Structure formats: C-alpha cells, structure tokens
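# Descriptive analysis of the structure
Spelled out from the first residue to the last, the chains are:
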Amino acid sequence: MVKKIPILELRGLEKTYHQGPQTLSIFKDINMTIHAGEIVGLVGVSGSGKSSLLHIAGLLDQPTAGSVSLEGAKITTQDDTLLTKWRNEKIGFIYQFHHLLPEFTALENAMLPHLMADHSEKDATIKAVDLLDHLGLQDRLHHYPSELSGGEQQRVAVARALMNDPLLILADEPTGNLDPATSKKVFDLFIQVVRQKNIACLIGTHDLSMAKKMDRVLELKAGTLKESS
C-alpha cells in the first residue's frame, strides 16, 4: 500500500521572540500532519500562539527552528520569490475579518487571486461566478462590500480563498466576527465546498460547536500541541 504524502507537515517547530535580555517562547517541538480532504481544528486560549502557528504554516512567517513541508517538499528555507508563488497558488487564507477591497465588487474581489496568478480575466470571471454561486451569492455579484451583510462579505472571502484551487486552506477564526446563526450558515457552506474539492484545512477557532464538525481537533496549550479530547 502506497503511503499518502501529507499536504501539510510541521516538524519540530519552535517560535521564540526576544524582548531585550528576555526570550519569550511561544511554542516548541510542534509536530503536525494534515492530508488532503482532512479538516483539522486548532484551539487554544487567546495568546496561546494559534495565529503565529497559522502564519508559519502559511509561509507568512519563519519558525525559529523546525520545518514546514507542503506535499513532501520542505519549503521553510526557500527564497521569498518561491514562497510567494506557493502562497498564491497552493494556499488559501481566510481571516476573522474579510479584508475585501471596498472599491471592488464581490465578483472582482473573488477574481483577484486568479488574476494575480496570470490567468485571463475571462477564466477568472467564470471561476469566480461559479464559486460565488456555490456559496449562495449569485444575486450579489456586482454589489460592493458596503452593500453586503457581514455573512455575505465573509462568503466572498471564502470564494477568494478557493479561487486558485489550493491544496491547503488556513483559517483564523473565520466566522468569529459573525452572529451565531450567520456563523453556522457560512461555516456549513464552507465545509460543504471544501469537502467537495478535497482540500486540506487547518482552522483556528474558539467556537467549540464549530470544532465538533471537524475531523479532529488539536489544542495548543503551554507551548505544546496535543489532540483535544
């Protein structure tokens, strides 16, 4: 039987910050693997290092020690040009706040990653319309963010993250800025699309009801990572 290569693999990760003569350890010896189609929750109290871990997994920050691999390729030591290419083509990011560009419509915001990856405007439009339709926004394509509800704005952010068919989605409190009913609706739609596309996901959240819908949950506590019961 051929062993499947993890989409994301973290090995021996450590992150420390220096504050004058003091060294602040955020986490140490973090190990994790996530395979295609697997949705993993990352929980922990505020300040436990969830965002720092997500930033390192997403190639937005470098660990103090350890390695990050995507599809079996170690990439923590690669140059910035290659890291930027991998971020744009292989990783989708969703944050608590949607970060949509206010001067662009829902459709234009969703198209941006595809255009940045040198796809044609026609291809980007077709892809964005299809994703926004899947997320229930077929009647809101030409509305600006200020004309959309919070839930609609976050669904546009989800579409944007999915535009380049990423191997991996990293989400940091993706529905934390929404009311409970809207949060559930947006998250359920997100999970549905992700499962259809067999994407690996790591989702940082405080929402335990959301965490229960994931395949497994990891807890970051006192600088270490363990399976949550």
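See the structure above.
The structure reproduced in this document is the subject of the present report. (Residues numbered from 1 in each chain as written. Predicted model: local features only at pLDDT ≥ 70, side-chain atom pairs only at ≥ 80, totals over all residues. Heavy atoms only, no water.)

Before going further, it helps to spend a moment on the overall build of the chain. Each helix and strand in the chain was counted, giving seven helices and 10 strands. Taking 17 Å as the expected radius of gyration for a compact globule of 229 residues, we find that the chain reaches 18 Å, a close match to that expectation. Along the first, second and third principal axes, the C-alpha set of the chain runs to 50 × 50 × 35 Å. Within the span of the chain, comprising 229 residues, buried residues form 48% of the whole. Taking all contacts inside the chain whose residues are at least 6 apart in sequence as the whole, residues at least 24 apart take part in 70%. Within the structure as shown, the chain displays about 11600 Å² of accessible surface, and the carbon and sulfur contribution to it stands at 53%. Charged side chains of the chain number 24 positive and 28 negative; the gap between the two group centres comes to 7 Å. (Helix = DSSP H or I, 4+ residues; strand = E, 2+ residues; numbered from the N terminus. Rg over C-alpha atoms; globule rule 2.2 N^0.38 Å. Buried < 20%, exposed > 50% of the residue type's maximum accessible area, 1.4 Å probe, protein only. Contact = heavy atoms within 4.5 Å. Areas by Shrake-Rupley, 256 points an atom, 1.4 Å probe, with all protein chains shown as cover. Lys, Arg positive; Asp, Glu negative; His and termini not counted. Charge placed at Lys NZ, Arg CZ, Asp CG, Glu CD.)

At their nearest, the axes of helix α3 (residues 106–116) and helix α5 (residues 150–162) sit 7 Å apart, and the two run at 25 degrees to each other. One finds that α3 runs roughly parallel with respect to α5. In this structure, α3 crosses over α5, and the sense of that crossing is right-handed. Across the interface between the two elements, Ala106, Asn109, Ala110 and Pro113 of α3 pack against Val156, Ala159 and Arg160 of α5. Of the residues belonging to the contact of α3 with α5, the class tally is five nonpolar, one polar and one charged. (Axes fitted to C-alpha atoms, helices over the stretch in contact; angles between N-to-C directions. Parallel < 35°, antiparallel > 145°, perpendicular 65-115°, else oblique. Left-handed = near helix turned anticlockwise from the far one by under 90°. Nonpolar A, V, L, I, M, F, W, Y, C, P; charged D, E, K, R; others polar.)

A few words on the layout of surface pockets. There is about 530 Å³ of room inside the largest pocket. What lines the largest pocket is a set of 21 residues, and nearest its centre among them are Arg87, Asn88, Phe93, Pro113 and Met116. Contributions of two or more residues to the lining of the largest pocket are made by α2 (80–90), β6 (91–94), α3 and α5. It is α2 that contributes the most residues to the lining of the largest pocket, five residues altogether. Class assignment for the residues of the lining of the largest pocket results in 12 nonpolar, five polar and four charged. (1 Å grid on protein atoms, 1.4 Å probe; cavity = no way out; pocket = protein on both sides within 12 Å on 5 of 7 lines; lining within 4 Å. Points joined across faces, edges and corners; volume = space filled by probe spheres on them.)

Right, let's get into the packing of helix α4 (residues 121–134) against α5. Between α4 and α5, the shortest axis-to-axis distance is 9 Å and the interhelical angle comes to 135 degrees. Here α5 runs oblique to α4, going by the angle between their axes. For the pair α4 and α5, the crossing hand works out as right-handed. Side by side, α4 and α5 meet where Lys127, Leu131 and Leu132 of the first sit next to Val156, Ala159 and Leu162 of the second.

This paragraph deals with empty space enclosed by the protein. Over the atoms, a rolling probe the size of a water molecule traces out where space has been left empty. As enumerated under the stated definition, the model contains two cavities of 30 Å³ or more in all. Roughly 50 Å³ of internal volume is contained in the largest cavity. Sorting the residues of the lining of the largest cavity by element identifies α1 (50–57), β6 and β7 (168–172) as the ones contributing at least two each. With three residues, the single largest contributor to the lining of the largest cavity is β7. Residues of the lining of the largest cavity, tallied by class, amount to seven nonpolar, one polar and one charged. There is about 40 Å³ of room inside the second largest cavity.

Aromatic rings considered in pairs are described by the distance between their centres and by the relative angle of their planes. Applying the stated rule across the entire model yields two aromatic pairs. Judged by centre distance (6.3 Å) and plane angle (0 degrees), the rings of phenylalanine 93 and tyrosine 95 are stacked. Judged by its relative accessible area of 18%, phenylalanine 93 is buried. For tyrosine 95, a relative accessible area of 29% corresponds to the partly exposed category. (Phe/Tyr/Trp six-rings, centres within 6.5 Å; stacked < 30°, edge-to-face > 60°.)

From the geometry alone we can't say anything about function, so treat these as descriptive.
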